[in-house]
Amino acid sequence: MTNSEIIEKLKLIVKPFVQDQNAFENLTESTDFLTDLKINSANLVDIVLDIEDAFGIEIDNQSMEKMLNIQATLDIIETKLAQK
């Protein structure tokens, strides 16, 4: 799975929780979930659970704490997919 495929899947997961549509439309790998997209921290847990389901992976608490922006999330998803 390529980075762009992962990002497209991630966008579908994140979209219902986004509070700043302009930031979402201009999403890049450096986009931050909390400050840029205005997603609250409680919703980040929902996003992580949805990512686990969508990619068939399990994300531990240590990895979850690092998933604050798109790049970190991509790195974790790729690592977990490679471990499957």
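Residues numbered from 1 in each chain as written. Predicted model: local features only at pLDDT ≥ 70, side-chain atom pairs only at ≥ 80, totals over all residues. Heavy atoms only, no water.

> Before we move on, can you summarise the UniProt feature "domain: Carrier" (unreviewed entry) in the protein with the specific residues and values?
The UniProt record marks residues 4-81 with the feature "domain: Carrier" (unreviewed entry), using the residue numbering of this structure. When the span residues 4-81 is considered, its composition is 63% helix and 0% strand, and the gap between its end C-alpha atoms is 15 Å. (UniProt positions renumbered as here; feature names shortened; annotations may be inferred. Helix = DSSP H or I, 4+ residues; strand = E, 2+ residues; numbered from the N terminus.)

> Which residues make up the nonpolar core, and what values do they have?
Val-14, Leu-37, Ile-39, Ile-47 and Ile-51 are the most contacted members of the largest nonpolar core, which totals 25 residues. Only helix H1 (3-14), helix H2 (21-25), helix H3 (41-55) and helix H5 (70-83) provide two or more residues apiece to this core. Excluding residues within four positions of it along the chain, Ile-51 makes contact with Leu-10, Ile-13, Gly-56, Ile-57, Ile-59, Met-67, Thr-73 and Ile-77. (Core = buried A, V, L, I, M, F, W, Y, C linked by side-chain atoms within 4.5 Å. Buried < 20%, exposed > 50% of the residue type's maximum accessible area, 1.4 Å probe, protein only. Contact = heavy atoms within 4.5 Å.)

> Give me H5: which residues, what numbers.
Look at H5: 20 Å from first C-alpha to last across 14 residues, which is about the 20 Å you get at 1.5 Å a residue. All of the buried residues in H5 are Ile-70, Ala-72, Thr-73, Leu-74, Ile-76, Ile-77 and Lys-80. Residues of H5 that are buried make contact with H1, H3 and helix H4 (61-66). Measuring from the side-chain oxygen of the N-cap residue of H5 to the backbone nitrogen of Gln-71 gives 3.1 Å; that N-cap residue is Asn-69. (Expected span 1.5 Å × (residues − 1). Polar contact = N/O pair within 3.5 Å; in protein donor to acceptor, adjacent residues only side chain to side chain.)

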